[in-house]
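# Structural description and commentary
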Amino acid sequence: MPQKKVYIETLGCQMNLADTERMLGMLDEIDYTPTDIREEADLSILNSCSIREHAVDKMRSYIGLWDKKRKPGSLIALAGCVAQQEGASITQIAPGADIVIGTHNIHRLPDLVLQAQKNQAEDIHERVIEIWEELPEDIPEVPILRKNKYHAWVNIIYGCNYRCTYCIVPKTRGDQRSRSIAEIKREIETLAMEGFKEIMLLGQNVDGYGLDIGTSLAALLREVHEVEGIERIKFLTSHPCDMTYELIETVAALPKVAKYFHIPIQAGNDGVLKRMARRYTYARYMELISYIRKLMPQASITGDIIVGFPGETHEQFMDSVKAVREIRYDACITAVYSPRPYTPAADWEDPISAEEKNERIRLLNAVSAEVAEEQSKRYLGTTQQVLVEGLSQRNPRRLAGRIFDNKTTNVDVPGISDLEAAPGESEAELSQRISKQLEQYFGKTIGVKITKAHAWALRGELISGPSQNEKNLRKALAISD
Ligand code: 5AD
Ligand code: SF4
């Protein structure tokens, strides 16, 4: 039977990206191979996000367009947070979808696809909709088709027990559910055997990990740290309210754990934090930051801030600007508040105009970029260990990867950037020759001297790498190539 093709468009956070890899893994078992070309797909899936209205608008326009330009006989599926949030009424929002599946039952995707195929074959015009209220008691382990060969996401906790007044996540992902340490460790041991080097432990509130099963993120980190072959461990996203000093000390003590923290503050003003139901004050947040910097002066810290929360005054907003300067974020992700259905803040009076909010976010972004660029300069002239993930998207003559503490870095390899075509060699052949030469670095950790520091990325030059070492060794031992 010829293989069918599946295209998945993923909106939103790492949780959705991880779910997409699961969907591809399961669909592989019923003979669907991934494609990057939507038009040739037999099954197009939109993995939707509902964190802001903008993402929901995007979902509508994708599904509308796909439905209009449909490959004959192909299927359209809607998955992810909007599907979970809206339940059966989603068909009004996305009338073009043949399959609708929630976030709690993605393990059911292959069955639903087969059902939709059957309906189509029998000319039954019925949508296949399945949305579960909760995750099953035993969350099934499903095959995962990972996009990146060296860096893997591993879910450690699903859902969130908090009810921040702006946030849709508890509605779309449910209450907190931690996976057991044994199960997580097994998954990571398998990844190590498959050659993965870097693990990102994922959760909406990773610091809450274990509270429901009598353990902690610090304990999990110590266990994962034992796995041979894994070189780097990171976790995301932290909640200041559950972050403990023990966790910070554990990160500082374990050499394979990146000194990298993503800790959204959301607002720099206590009144706003209170109305957001964030459960910490600015002073408490700063205590955590100071402790991190005390134990790990070079740690990389990133955060999120919401601008224009209902009722946020100009002075309160300026506290967020002040916070960015005081915290000295390596990167700060900002968003204008977007009212979400089913959340308390959506019903609150919001006298601030859209224009004013846009002005605020412009200022906050400018300050964040300025701070990030200043922070980035601390890497200038240093040597960093970069795990190479592939080629730079902007310049395929450069490698792209991340330093140990997470910052994206593009790397020049001596002798490659000024390579010219050999006589009779076409540009395409030259590009191919270059990517072949650069491929040897993929998945390897190389020493890179940082030569440029931009706000969001670094640039550097390869100074030592496994292949380079091997070459030197060969030279020393006088072994010819
Ligand atoms: N409006 C704007 N931003 C939001 N976020 C979450 N909910 C909203 C909302 N209703 C932001 C928060 C969170 C990030 C993932 O998205 O900053 O940390
Ligand atoms: Fe949403 Fe708050 Fe839970 Fe984060 S902690 S997922 S912002 S409810």
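Residues numbered from 1 in each chain as written. Chains lettered and ligands numbered in written order. Predicted model: local features only at pLDDT ≥ 70, side-chain atom pairs only at ≥ 80, totals over all residues. Heavy atoms only, no water.

For ligand 1, the full set of nearby residues is I51, R52, Y166, Q266, D304, I306, A335, V336, Y337, S338 and R340. In the model, a nitrogen atom of ligand 1 is placed 3.1 Å from a nitrogen or oxygen of the R52 side chain. Side-chain polar atom of D304 to an oxygen atom of ligand 1: 2.6 Å apart, as the coordinates give it. For ligand 1, the accessible surface in isolation is 400 Å², of which the surrounding protein chains cover 84%. Looking at the shell around ligand 1, the elements that each hand over two or more residues are β13 (300-307) and β14 (331-336). Classifying every residue of the shell around ligand 1 by side-chain character gives six nonpolar, two polar and three charged. (Near = heavy atom within 4 Å. Polar contact = N/O pair within 3.5 Å; in protein donor to acceptor, adjacent residues only side chain to side chain. Areas by Shrake-Rupley, 256 points an atom, 1.4 Å probe, with all protein chains shown as cover. Helix = DSSP H or I, 4+ residues; strand = E, 2+ residues; numbered from the N terminus. Nonpolar A, V, L, I, M, F, W, Y, C, P; charged D, E, K, R; others polar.)

Our focus in this paragraph is the confidence of the model for the chain. Predicted coordinates in areas of low pLDDT are best not read in detail. A residue-level look at the chain finds 96% of positions with pLDDT of 70 or above and a mean pLDDT of 93. Below pLDDT 50 for its whole length, residues 467-474 participates in seven contacts with residues either more than four positions away or in separate chains. Here residues 476-481 is modelled with pLDDT under 50, and outside its nearest four sequence neighbours on either side it reaches three contacts, counting other chains as well. (pLDDT = per-residue confidence, 0-100. Contact = heavy atoms within 4.5 Å.)

Residues L201, L221 and F235 are the most contacted members of the largest nonpolar core, which totals 70 residues. The greatest single-element share of this core, amounting to seven residues, is contributed by helix α11 (residues 282-295). Setting aside anything within four residues of it in sequence, one finds L201 in contact with V154, I156, I188, V206, L220, L221, I233, K234, F235 and L236. Within the second largest apolar cluster, 21 residues are counted, among which are L24, L27, I45 and I106. (Core = buried A, V, L, I, M, F, W, Y, C linked by side-chain atoms within 4.5 Å. Buried < 20%, exposed > 50% of the residue type's maximum accessible area, 1.4 Å probe, protein only.)

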